[in-house]
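Summary of the model geometry
The chain contents come next:
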Amino acid sequence: MRGERTRSRAWYWLLVLPFLGLLIPPLYAKENPELWGIPFFYWYQFVWVPLAAGVTFLVYRRTK
Amino acid sequence: MSTPHPTDATALIVFCVLFAFVTVVGFVAVRWRRAKLDSIDEWGLGGRRFGTVVTWFLLGGDLYTAYTFIAVPALVFGAGAAGFFALPYTIIVYPLVFMIMPRLWTVAHRRGYVTSADFVQGRYGSRKLSLAVALTGLLATMPYIALQLVGIQVVLAAMGVEGDWPLIIAFAILAAYTYNSGLRAPALIAVVKDVMIWIVIIVAVAYLPGKLGGFGAIFDSAREALPKHDPPGALIPTGVDAQVAYATLALGSAMALFLYPHAMTGVLSSQSAKVVRRNAAILPAYSFVLGLIALLGFMAIAANLQPQTPNFAVPDLFITFFPSWFEGFAFAAIAIGALVPAAVMSIAAANLFTRNIWSAYLHKDASPAEESQVAKISSLVMKVGAVLFILLLPTEYAIDLQLLGGVWILQTLPAVVIALYTRWFHRWGLFAGWAVGMVVGTVMAATQDFKSIFPLELFGLHVTVYAALLALIANLAVAAVLTVALRGSGVGEGRDDTVADDYEELEDVGGIKPLPAQPGEERARAASGRFRLGDGERGAGERETPVPGTPKEQQERTPRAP
């Protein structure tokens, strides 16, 4: 039981991803590539909304 | 002063009809999942029975306030990218919620805590530390309530309605149904509000870019116009300064958000820790909407609007491009969007006052019925205070204070969040750290003319950092040093009412504990006063030892989360 729980808690590490993706602006503070005329800086951060929600949902499924 | 906005009768009628509708909803809410509202659990937490969907609407309506809908696009309109930090902020907040809030929900549910200060009292047996947390919450919330009025003021002015009376009437109605129905009122109204906001933003984003020549043209005009603003803005944050400010504002704001009493109230009113987790996965849908609303600021630039203040960027956009009836609908969405957070904030503040000031200091052993009555009345006082604040003082004060509120509320993180995982910090260390953080944060913000970012010289590098985070570092440093010193000199640690099991979700303990989710049982327990403030003080000495547990237990209690 202990081992099982420890293994399932390893999934929590996935929650670091949104922080890495969003808290390092040099990664994405760029104009290009544009998407439908939207600079990279903007659409990249929008993409993180479903991405972060998906990661959170995955962790929810795996740890419950 | 004559208004540049002529009175728009059609818009006003639509607005008033919708406003009247939610007023009825607010009063009818008292019948929803009917219960006697004579305990603070029922009035102030909706009976702790909200499921996944209601919690989603309530927290969505509560966190994404009307002021946000006005101020974020206004900032983007004026400064460009700097205002867009609201998006990363409201994305990364949810992994934090997912990790931390179910644990807080669990211990609050087990021990009958209604506020974060209740938890601090139970955890540290220190009424003073608990009072510090409660006062910080009150101080941070009051200007925030006042700012919701600014949101209503802006949309009323955009329809050509000036003067104080409409504002007073709106808040009087709000005060009446909050008094009557408690947290059930904003929970039910939030459903209406959120649906309206979704409709408005979907229509706006589907229609406006086409009118303005597409996103390419919108961003082109923003790229051209922003550097000419005073102070100059930018479409992309370049340079270390702007980028550090962007990232620290996002991180610091995310860490602060769920320490706010109104967020805490929304979490604690849900029926299980699982509901909280699920919501961490589905609440980002609102962040997407917030991002789209932020882009409306660029659309206002592309439309070449010259609003009287940036706050009118979005209202003017709707006036310019939409028929009057839809304008009225959109403005009603924003105004109703002000009522939900204002109601939850005043309830949360009332809970804090009742539990951690009234019952802890003024009238010990208040009965559940008395607590409920005191909370109802204090929620009225909060609203009157907010109205007076806005009517008598310059709006600038409310904005500055709300900004400071973010800095202040983050200083309760060690006593509330870190305490969920470890009791290593000494209670007096936490208290001193809090005091230092409050002073340092306030001074930093005040010397920067109430800008939230503070310039730092670090190893020869010049960066600007969100003041709240710097104050938190000072807070933690003081708390740590004093903890070591106080422990060395054997100053009392206070009694910890909670045990390791209180933090474990029920599924985790293999079904040993019965599921206490039965509403009736829950009410009975709250009413029986299983948790009373001041217990810690009276019972001191009974367990006058530090209770961080053995290192092994400590390890078990700390989830392997980053």
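Up top is the structure.
All chains use their own residue numbering, which begins from 1 and follows the written sequence. Numbering of ligands from 1 and lettering of chains from A proceed in the order in which they are written. Given that the model is predicted, a residue must reach a pLDDT of at least 70 before its local features are reported, and side-chain atom pairs must reach 80 or more before they are shown or counted; all residues, however, enter totals for whole chains, interfaces and linings.

Another aspect to go through is the overall build of chain B. Runs of E in the DSSP output that reach at least two residues are strands. Runs of H or I that reach at least four are helices, and both are numbered from the N terminus. Regarding its fold elements, chain B presents 24 helices and 2 strands. Expressed as a percentage of its 562 residues, the buried residues of chain B come to 58%. Burial in this document is a count-based property: other C-beta atoms within 10 Å of a residue's C-beta are tallied, and the residue is buried at 20 or more, exposed at 12 or fewer, or partly exposed in between, with C-beta positions derived from the backbone.

Turning next to the environment of L22 of chain A. If you trace the backbone, L22 of chain A turns up in helix α2 (residues 16-22). For the pair L22 of chain A and W36 of chain A, spaced 14 residues apart in the sequence, the C-alpha separation amounts to 22 Å. Residues are defined as contacting one another if the C-beta atoms placed from their backbone atoms lie within 7 Å. Ignoring sequence-local partners within four residues, the contact set of L22 of chain A consists of Q45 and W48 of chain A together with P88, I91, I92 and A250 of chain B.

Bringing the interface of chain B and chain A into the picture now. Across the contact, 35 residues belong to chain B and 30 residues belong to chain A. Of all the secondary structure elements, the ones that give two or more residues to the side of chain B that touches chain A are α5 (86-111), α10 (214-225), α11 (240-257), α13 (273-282) and α14 (284-302) of chain B. Looking at which element gives the most residues to the side of chain B that touches chain A, the answer is α5 of chain B, with 8 residues.

Residues and elements named next belong to chain B. Viewed as axis vectors pointing N to C, helix α18 (residues 395-410) and helix α21 (residues 467-488) meet at an angle of 25 degrees, and their least axial separation amounts to 8 Å. Between α18 and α21, the interaxial angle falls into the category roughly parallel. Where α18 crosses over α21, the handedness of that crossing is right-handed. Contacts between α18 and α21 involve G406, V407 and L410 from the first element and A467, A468, A471 and L472 from the second. Partitioned by chemical class, the residues of the contact of α18 with α21 number 6 nonpolar, 1 polar and no charged. What counts as an axis is a line fitted to C-alpha atoms, over the stretch in contact for a helix, and the angles between N-to-C directions run from 0 to 180 degrees. Note on terminology: angles under 35 degrees are roughly parallel, angles over 145 are roughly antiparallel, angles of 65 to 115 are roughly perpendicular, and the others are oblique. For any helix crossing, the convention is left-handed if the near helix is rotated counterclockwise from the far helix by under a right angle, and right-handed if that rotation is clockwise. The classification used treats Ala, Val, Leu, Ile, Met, Phe, Trp, Tyr, Cys and Pro as nonpolar, Asp, Glu, Lys and Arg as charged, and all other residues, Gly among them, as polar.

Take the nonpolar core next. Residue and element names in this part refer to chain B. In this usage, the nonpolar core is the set of buried Ala, Val, Leu, Ile, Met, Phe, Trp, Tyr and Cys residues whose C-beta atoms join them within 7 Å. Of all hydrophobic cores here, the largest spans 217 residues; its most connected members are I92, L96, A250, F258, M299, F331 and I334. A total of 24 residues in this core trace back to one element, the largest contributor, which is helix α16 (residues 324-362). For M299, the residues in contact, after removing those within four places along its chain, are L208, L212, I218 and L317.

What follows is about the environment of M142 of chain B. Residues and elements named next belong to chain B. Relative to the elements of secondary structure, M142 occurs in helix α7 (residues 127-158). Accessibility expressed as a C-beta count within 10 Å gives 21 for M142, which makes it buried. Among all residues touching M142, those that are not within four sequence positions of it are A349, M382, G385 and A386.

Bringing helix α1 (residues 9-28) of chain B into the picture now. Helix length check: α1 of chain B, at 20 residues, gives a terminal C-alpha distance of 29 Å against a target of 28 Å (1.5 Å per residue), a fit within 8%. Buried-residue contacts for α1 of chain B involve α8 (165-181), α9 (184-211) and α16 of chain B. Take the number of residues in a helix, subtract one, and multiply by 1.5 Å to get its expected span.

Mapped onto the elements, Y246 of chain B comes out in helix α11. When the C-alpha atoms of Y246 of chain B and A86 of chain B are compared, they prove to be 9.4 Å apart, with 160 residues separating the residues in sequence.

Our focus in this paragraph is helix α20 (residues 427-447) of chain B. With 21 residues, α20 of chain B should cover 30 Å at 1.5 Å per step; its first-to-last C-alpha distance of 30 Å lies within 8% of that length. Positive backbone phi, at 60 degrees, marks D449 of chain B, one or two positions downstream of α20 of chain B.

Look at the link from N32 of chain A to P33 of chain A: it is a cis peptide, with omega at 0 degrees. Considering the arrangement of structural elements, one finds P33 of chain A in the loop between α2 and α3 (40-63). Positive phi values are uncommon outside glycine, yet N304 of chain B reaches one of about 60 degrees. Residue placement: N304 of chain B occurs in the loop between α14 and α15 (313-321). Residue classification places N304 of chain B among the exposed residues on the basis of 10 C-beta atoms within 10 Å.

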